[in-house]
Amino acid sequence: MIFRGFSRTFSTKNGEQFRTIGAYWDRMSALYGRDNLRGLGYGWTAESIVYVIGLKSNEPFDMDKKGGNLCWKEVPLPDTGWVEYTGRTDDLAALYDEIYRDGPLTYEIEECREDGSCTILITRDQVEQDGK
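Residues numbered from 1 in each chain as written. Predicted model: local features only at pLDDT ≥ 70, side-chain atom pairs only at ≥ 80, totals over all residues. Heavy atoms only, no water.

Draft legend 1. Inspection of helix 2 (residues 92–100) at higher detail. Of all the positions in helix 2, only L92, L95, Y96 and I99 are classed as buried. Down the axis, helix 2 shows its buried residues gathered within 95° of arc, on one side only. Buried residues along helix 2 sit against helix 1 (16–32), strand 5 (83–88), strand 6 (107–112) and strand 7 (117–123). (Buried < 20%, exposed > 50% of the residue type's maximum accessible area, 1.4 Å probe, protein only. Helix = DSSP H or I, 4+ residues; strand = E, 2+ residues; numbered from the N terminus. Arc of directions from axis to C-beta. Contact = heavy atoms within 4.5 Å.)

Spelled out as structure tokens, the structure:
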């Protein structure tokens, strides 16, 4: 699978990504509607995360609407090995505490809806998890 969308890198210091990625979602939702979007997180370092917002249909965005300093990305993702979590966007920190109990992620795909519900698909690199 290929994930397509606009990308930015966000700081993860002090949990800052919840606020800044939330603002990114708000901005893109104003243009395309929250229920039409999904977000991909990957490439974590000690201080940052790469985050891509794309359409659920995986179609290209209207480039005239993008605004701001964004970069188009097409990210190849595994077709299998995803685990699904559901929760509420106003309680993402607690949901991610549960998700991270089993270790770091390789990729996450978030879908946040207007009704406040969210679905998060995650995958972990099994080689890293197995210590090989």
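Draft legend 2. Just the pattern of salt bridges, in detail. For the structure shown, the criterion picks out seven salt bridges. One salt bridge in this structure joins E111 and R113, with 3.8 Å as the shortest N-O distance. Residue R113 is classed as partly exposed on the basis of its relative accessible area of 22%. Through salt bridges with shared partners, one network takes in D26, R34 and E114. (Salt bridge = Lys/Arg side-chain N within 4 Å of Asp/Glu carboxyl O.)

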